[in-house]
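Letter by letter, the chains look like this.
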Amino acid sequence: PLTLEEVRMLVELFYLPYHHGALAQELLEHFRWLRANSLSVGVPATAPDACGGTRWRGRAQSFQLLCARACRLHSRFVSTAGRALLYDLHPYLWDIRNMLLAASAFVLWLGCQSITAPILLGRDAEPWARRGGLFGELQALLPVGNSCDLFYHPPPLFPSSQLYLLRPLLPLDKLGHEGGGCSEVSQGLQAQLSHAPALPGRLLGSFLSLSPEYTFVLEDEGGPCGYAAGALHAEGFLQQRDSSWLPAIRHKYPPDLGTGGPALGQDALEEAVLFFHAEPLAVPQPVLRRFPSLVQLGTAPRVLDVGASRSLALCLLSALRANGSRGVFCQVSDADRQQLSFYSKLG
């Protein structure tokens with residue numbers, strides 16, 4: 001059964017709409033402070049005010065631990081609560097779990113020193129745009145907090161106790177990608193999202209090479225199970241992809257690569273080679289002017305909880321919005337039923 005400490009956490013997360021318990025108050029205070037002081041993260045260790053960055057990272061770690069405790073509470077509650085109580089309270093705890101997954105990943109992203117310190121945009125939303133309680137206050141602190149349609153989704157009919165970790169791409173994840181190599185994370189994603197052996201880099205190669213600072217990874221107990229990748233300035237990204245990245249990949253994987261190998265996985269290999277050698281469709285200028293950023297998301301078939309997928313989208317869109325993006329678009333083949341279904345479920 002739930003411990004007394006876990007029940008106390010549950011009460012503190014949902015104390016009163018505008019009066020929070022100790023745990024919720026601590027989460028909010030950390031998140032507000034981390035957002036307001038994110039400019040100190042990139043201060044070099046040798047600078048006179050380097051202690052500001054150290055303090056920021058210390059509070060970020062405390063925030064991550066609190067988020068992890070709340071996510072574990074969701075998992076424990078699904079596993080142990082009686083059926084009537086579970087279906088009464090699960091929608092609220094599921095909402096908070098999804099929000100904290102996104103907020104935690106966004107704070108980790110703010111702490112990446114390889115990115116430019118973001119300019120957090122904010123404007124007052126209409127009162128109806130956000131609900132009360134901890135969920136609404138956390139929503140208001142994300143850069144996309146006024147896009148209320150991103151935050152409302154019916155909970156799953158069958159609650160899952162699966163634990164997820166959402167984080168930005170780390171430097172170790174990128175090892176081997178320059179020049180068309182493939183790290184363990186990308187290999188894991190490639191194998192689990194493609195259903196068949198295929199060339200590494202087809203899903204994420206261009207983003208990992210040209211826009212790694214806007215790439216996020218979703219993990220469960222089985223390893224990497226989802227990704228969200230974006231390019232802040234899509235026009236420049238697509239030009240660079242077509243002029244330098246694609247020619248290098250085509251040289252590495254010639255058109256006849258898939259014709260003489262073993263039968264097992266051969267169709268997938270040929271399909272991957274053809275993918276690289278097909279001319280990409282040009283994006284119309286009106287689209288690029290109105291939606292300057294490109295996004296791409298995907299999860300493995302085993303990720304049945306749409307909340308984790310929405311958290312992926314939230315942290316990617318927050319990162320792009322924080323650096324000034326006014327809108328995003330994604331490119332999907334009309335024959336790719338899996339991706340069309342994924343984006344439709346995402347809303």
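Use the structure listed above.
Scope of this entry: the structure provided in the associated data block. Being a predicted model, the structure only gives us computed values, none of them experimental.

Looking only at helices and strands, the chain features 12 helices and five strands. Within the chain, the proportion of its 347 residues that are buried is 47%. Approximately 17300 Å² of the chain is accessible, and the part contributed by carbon and sulfur atoms is 59%.

With that out of the way, let us pick up a nonpolar patch on the surface. A cluster of nonpolar side chains, contributed by Val7, Val11, Tyr15 and Leu16, occupies part of the molecular surface with about 350 Å² of accessible area. Take Val11: it is sitting in helix H1 (residues 4–13).

Let us look at the environment of His153. With respect to the helices, strands and loops of the structure, His153 is situated in the loop between helix H5 (133–141) and strand S1 (165–168). Of the residues examined, His153 reaches a relative accessible area of 26% and is grouped as partly exposed. A sequence separation of 194 residues divides His153 from Gly347, and the C-alpha atoms of the two residues are 8.4 Å apart. Beyond its immediate stretch of four places on either side in the chain, His153 contacts Trp94, Val306, Arg310 and Lys345. A polar atom in the side chain of His153 sits 3.3 Å from the side chain of Arg310.

Tracing the backbone through its elements, the reader meets Ala22 in helix H2 (residues 22–36). With a relative accessible area of 52%, Ala22 lands in the exposed category. The spacing of Ala22 and Arg8 is 14 residues in sequence and 9.7 Å in space, taken between C-alpha atoms.

Quick look at the packing of helix H4 (residues 83–110) against helix H11 (residues 306–322) now. Running from N to C, H4 and H11 cross one another at 35°; their axes reach a closest spacing of 9 Å. The crossing of H4 and H11 is right-handed. Residues Trp94, Arg97, Asn98, Leu101, Ala102, Ala105, Phe106 and Trp109 of H4 lie in contact with H11, whose contacting residues are Val306, Gly307, Ala308, Ser311, Leu314, Cys315, Ser318, Ala319 and Ala322. Per-class residue counts for the contact of H4 with H11 are 12 nonpolar, four polar and one charged.

Attention shifts here to H2. Between its terminal C-alpha atoms H2 stretches 21 Å, which fits the 21 Å expected from 15 residues at 1.5 Å a residue. Leu23, Ala24, Leu27, Leu28, His30, Phe31, Trp33 and Leu34 are the residues of H2 that are buried.

A few words on the side chain of Ser318. Inspection of the secondary structure assignment puts Ser318 in helix H11. In this structure Ser318 comes out as buried when scored by relative accessible area, which is 0%. Discounting chain neighbours no more than four positions away, the residues touching Ser318 are Phe106, Leu142, Pro143 and Val144.

Once that is clear, we can look at the nonpolar core. The biggest cluster of nonpolar side chains holds 66 residues, and the ones touching the most others in it are Phe31 and Phe216. For this core, the element with the highest residue contribution is H4, accounting for 13 residues. Setting aside chain neighbours within four positions, we find Phe31 in contact with Phe63, Ala103, Phe106, Val107, Leu138, Leu141 and Leu142. Counting 15 residues, the second-largest nonpolar core is a separate cluster that includes Leu169, Val217, Ala229 and Val283.

This brings us to the pattern of salt bridges. Scanning all chains against the criterion turns up eight salt bridges. Between Glu5 and Arg8 there is a salt bridge, with its nearest N and O atoms 3.0 Å apart. Of this pair, Glu5 and Arg8 are both found in helix H1, three residues apart, which corresponds to roughly one turn of the helix. Exposure remark for Glu5: the relative accessible area of 41% places this residue in the partly exposed category. Residue classification places Arg8 among the partly exposed residues on the basis of a relative accessible area of 40%. In this structure, Asp305 and Arg97 form a salt bridge, with 2.6 Å as the shortest nitrogen-oxygen distance. Separated by 208 residues along the polypeptide, Asp305 in the loop between strand S4 (293–299) and H11 and Arg97 in helix H4 bring together distant segments of the chain. The class for Asp305 is buried, based on a relative accessible area of 5%. By sharing partners, the salt bridges in this structure join Glu5, Arg8 and Arg69 into a single network.

This part is about the environment of Gln162. Within the secondary structure, Gln162 sits in the loop between H5 and S1. On the accessibility criterion, Gln162 (22% relative accessible area) is partly exposed. Sequence separation of Gln162 and Asp220 is 58 residues, and the distance between their C-alpha atoms is 7.2 Å.

Here we take up the sheet that holds strand S2 (residues 215–220). Taking strand neighbours across the sheet as the criterion, the five strands line up as S1-S2-S3-S4-S5 in an open arrangement whose pairing is mixed. This sheet does not close on itself; its edge strands, each paired only once, are S1 and strand S5 (328–329). Note: strand S3 (residues 223–231) against S4, six bridges, orientation antiparallel. Following the sheet pairing, Gly226 is matched in S4 by Thr299. Lying over the sheet, H4 contacts S1 and S2, oriented at roughly 25° with respect to S1. Sheet strands in contact with H11 are S1, S2, S3, S4 and S5, and its direction is about 160° off that of S4.

Rules of the game
Residues numbered from 1 in each chain as written. Predicted model: local features only at pLDDT ≥ 70, side-chain atom pairs only at ≥ 80, totals over all residues. Heavy atoms only, no water. Helix = DSSP H or I, 4+ residues; strand = E, 2+ residues; numbered from the N terminus. Buried < 20%, exposed > 50% of the residue type's maximum accessible area, 1.4 Å probe, protein only. Areas by Shrake-Rupley, 256 points an atom, 1.4 Å probe, with all protein chains shown as cover. Patch = residues over 30% accessible without salt bridge, like charges linked within 9 Å, V, L, I, M, F, W, Y side chains within 5 Å. Salt bridge = Lys/Arg side-chain N within 4 Å of Asp/Glu carboxyl O. Contact = heavy atoms within 4.5 Å. Polar contact = N/O pair within 3.5 Å; in protein donor to acceptor, adjacent residues only side chain to side chain. Axes fitted to C-alpha atoms, helices over the stretch in contact; angles between N-to-C directions. Left-handed = near helix turned anticlockwise from the far one by under 90°. Nonpolar A, V, L, I, M, F, W, Y, C, P; charged D, E, K, R; others polar. Expected span 1.5 Å × (residues − 1). Core = buried A, V, L, I, M, F, W, Y, C linked by side-chain atoms within 4.5 Å. Pairing = 2+ DSSP bridges.

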